[in-house]
Amino acid sequence: MTYEFLQHYWCFVVALLGALLVFLLFVQGANSVARSLGYTEEGRRLVYNSTGRKWEFTFTTLVTFGGAFFASFPLFYSTSFGGAYWLWMLILFTFVLQAVSYEFQNKIGNFLGPKTFQFFLTLNGILGPLLLGGAVATFFEGSNFIVEKNNLIDATSITPIISRWANASHGLDALLNPWVLVFGFAVVFLARILGILYVMNNVDDEDIRSRGSVRIIGATIPFLILFVAYLVHLLLKDGYAWNPETGVIYMEPYKYLHNLIDMWYLLILLLIGVALVLYGIGKTIVSKTYIGGIWPAGIGTVLTVLALLLCSAWNHTAYYPSTADLQSSLTLANSCSSEFTLRTMFYVSLLVPFVLAYIVYAWRAIDKKKLSREEIHHDHAY
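Residues numbered from 1 in each chain as written. Predicted model: local features only at pLDDT ≥ 70, side-chain atom pairs only at ≥ 80, totals over all residues. Heavy atoms only, no water.

(A) Up close: the overall build of the protein chain. Looking only at helices and strands, the protein chain features 15 helices and four strands. In terms of overall size, the protein chain behaves like a compact globule, its C-alpha atoms giving a radius of gyration of 21 Å where 382 residues would be expected to give roughly 21 Å. Once the C-alpha set of the protein chain is aligned to its principal axes, its extents read approximately 65 × 45 × 40 Å. Taking all 382 residues of the protein chain together, 54% fall into the buried category. Sequence separation of 24 or more characterises 76% of the internal contacts of the protein chain that already satisfy a separation of 6 or more. Counting every atom, the protein chain has about 17,400 Å² of accessible surface; 71% of that belongs to carbon and sulfur. Taken as two groups, the 23 positive and 23 negative side-chain charges of the protein chain have centres that lie 11 Å from each other. (Helix = DSSP H or I, 4+ residues; strand = E, 2+ residues; numbered from the N terminus. Rg over C-alpha atoms; globule rule 2.2 N^0.38 Å. Buried < 20%, exposed > 50% of the residue type's maximum accessible area, 1.4 Å probe, protein only. Contact = heavy atoms within 4.5 Å. Areas by Shrake-Rupley, 256 points an atom, 1.4 Å probe, with all protein chains shown as cover. Lys, Arg positive; Asp, Glu negative; His and termini not counted. Charge placed at Lys NZ, Arg CZ, Asp CG, Glu CD.)

(B) Seen up close, the pairing of strand β3 (residues 239-242). Every second residue of β3 is oriented toward a common face, with Gly239 and Ala241 on one face and Tyr240 and Trp242 on the other, all of them buried. The pairing of β3 with strand β4 (residues 249-252) spans four bridges and is classified as antiparallel. Bridge pairing in β4 places tyrosine 240 opposite methionine 251. Between β3 and β4, which pair antiparallel in sequence order, lie six residues; one of them, glycine 247, sits at a positive phi of approximately 80°. (Pairing = 2+ DSSP bridges.)

(C) Structural context of the packing of helix α8 (residues 114-141) against helix α10 (residues 206-236). The interhelical angle for the contact between α8 and α10, taken along N-to-C directions, is 25°, at an axis separation of 11 Å. Between α8 and α10, the interaxial angle falls into the category roughly parallel. Of α10, the residues touching α8 (which contributes Ala137, Phe140 and Glu141) are Tyr230, His233 and Leu234. (Axes fitted to C-alpha atoms, helices over the stretch in contact; angles between N-to-C directions. Parallel < 35°, antiparallel > 145°, perpendicular 65-115°, else oblique.)

(D) Examining the side chain of threonine 79 more closely. Inspection of the secondary structure assignment puts threonine 79 in helix α6 (residues 74-83). Note on threonine 79: relative accessible area 2%, which makes it buried. Setting aside its immediate chain neighbours within four residues, threonine 79 contacts Ala84, Phe145, Val147, Ser163, Trp165, Tyr320 and Leu330.

(E) Representation of the state of the cysteines in the model. In total, this model carries zero disulfides according to the counting rule given. You can see cysteine 311 has no disulfide; the closest cysteine sulfur is in cysteine 11, sitting 11 Å from it. (Disulfide = S-S within 2.5 Å.)

(F) Region of interest: the nonpolar core. Judged by nonpolar contacts, the single largest core of 107 residues is most densely connected at Phe73, Phe76 and Tyr319. A per-element tally of this core places helix α9 (residues 178-202) first, with 15 residues. Discounting residues that sit within four places of it in the chain, phenylalanine 76 has contacts with Phe69, Phe81, Phe139, Tyr319, Tyr320, Leu330 and Ser335. (Core = buried A, V, L, I, M, F, W, Y, C linked by side-chain atoms within 4.5 Å.)

(G) Spotlight on the pattern of salt bridges. On inspection of all chains with the given rule, the structure shows four salt bridges. For aspartate 207, the salt bridge goes to arginine 211, with nearest N and O atoms at 3.5 Å. Linking aspartate 207 with arginine 211, this pair stays in helix α10, spanning four residues, or about one helical turn. (Salt bridge = Lys/Arg side-chain N within 4 Å of Asp/Glu carboxyl O.)

(H) Structural view of α9. In this model α9 runs 36 Å from its N-terminal to its C-terminal C-alpha over 25 residues, within 8% of the 36 Å that 1.5 Å per residue would give. Judged by how many residues are buried, α9 sits mostly within the fold: 20 of 25 residues are covered. (Expected span 1.5 Å × (residues − 1).)

(I) Here's a closer look at the packing of α9 against α10. Contact pair α9 / α10: the axes reach a minimum separation of 8 Å and the direction vectors enclose 155°. Comparing the axis directions of α9 and α10 gives the class roughly antiparallel. Judged by the twist between their axes, the crossing of α9 over α10 is left-handed. Among the residues making up the contact of α9 with α10, the classes are represented as 21 nonpolar, five polar and three charged. (Left-handed = near helix turned anticlockwise from the far one by under 90°. Nonpolar A, V, L, I, M, F, W, Y, C, P; charged D, E, K, R; others polar.)

(J) Just the environment of glycine 134, in detail. In this structure, glycine 134 sits in helix α8. With a relative accessible area of 4%, glycine 134 lands in the buried category. The sequence separation of glycine 134 and lysine 255 amounts to 121 residues, and the corresponding C-alpha distance is 20 Å. Filtering out sequence-adjacent residues up to four positions away, glycine 134 remains in contact with Val180 and Gly184.

(K) Molecular detail of the packing of aromatic side chains. The final tally for this structure, using the stated rule, is 33 aromatic pairs. The interplanar angle of 70° and the centroid separation of 5.8 Å between the aromatic rings of phenylalanine 76 and phenylalanine 139 together place this pair among those described as edge-to-face. Of this pair, phenylalanine 76 sits in helix α6 while phenylalanine 139 is found in helix α8, placing the two residues 63 residues apart along the sequence. Each of the two residues, phenylalanine 76 as well as phenylalanine 139, counts as buried. (Phe/Tyr/Trp six-rings, centres within 6.5 Å; stacked < 30°, edge-to-face > 60°.)

(L) Spotlight on unusual backbone geometry. Within the chain, asparagine 315 stands out as a residue other than glycine whose phi angle is a positive 60°. Tracing the chain through its elements places asparagine 315 in the loop between α13 (294-311) and α14 (339-349). Look at asparagine 315 and you get partly exposed, because its relative accessible area is 25%. The backbone of histidine 316 shows a phi angle near 55°, a positive value even though the residue is not glycine. Among the structural elements, histidine 316 can be located in the loop between α13 and α14.

Dropping the structure here:
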């Protein structure tokens, strides 16, 4: 195993975690349309109890994603999570609101009332995917930071900080980029599609399933418009490339299009992923009895996001470009941990399949029985 192989391997692991996180945003997506999907108070409780079985998976994956990025590419972690402070704090705050809302919305003594916490769940359902999608878009659009490694060895430096944000917004300025918002809202509507598909599969209620078939059309149309628009923009835009011999970062026309052509296997992965998402949506809309759309659409989402994330980093591409200083852009080579660290973590990662097997087992055990109206009246219901 070479150092370069380990860098690419851990990029793949982190990208896979990111792709799984986007899939698991179906929790947020379902919560964002719970009022129209459930319609009645009892119907809304069905939706919240359905997603309440899975919100821990989403939050745990988010934390694992951040931890894996920190261990394998610490300079990205310090630059993004430290520099883009307010952006990531907003993301974490909305997820904390989600956890609190699930537990307290129907608790005795809740003086704020259930609707307050249901509003927080809706807020998380919109802001969570929007901000996470916006953060992913910065891998292609760039962020406003400066990296100064010499600060660590400069005796005259008062604050030996490697990276800093070039303005006082600390990440919120990314939301001023219209293409970041386009991708962010595409993720919002994708999360809604997945959320509707999951609830239709998980809840044994004809009223919710019939409403879901209609609501999914309203989410699919804006998603396709936004996603196709961003994909065309991505393939036509200049990208951030780097020379492996000199380490110099430069702008390359049609960089991401070239990446998909050079790495044809990622293009195939992307096309298969998009086809599966469309199949899951289309069959659900056409067939009144089909409720398994979450699985082809979910797998397609993972494949599509995985291909896009790898396209942003492999083939000598700067995966976290800087718009303030081009040479501060982060690549797999200049932002990773030491070879010893990556090699040690590689052996530890061999245990991941066993963890995934347990997650699949726990998932199947939780969803073994479809959620019904009788279950939401139990003491353990949300």
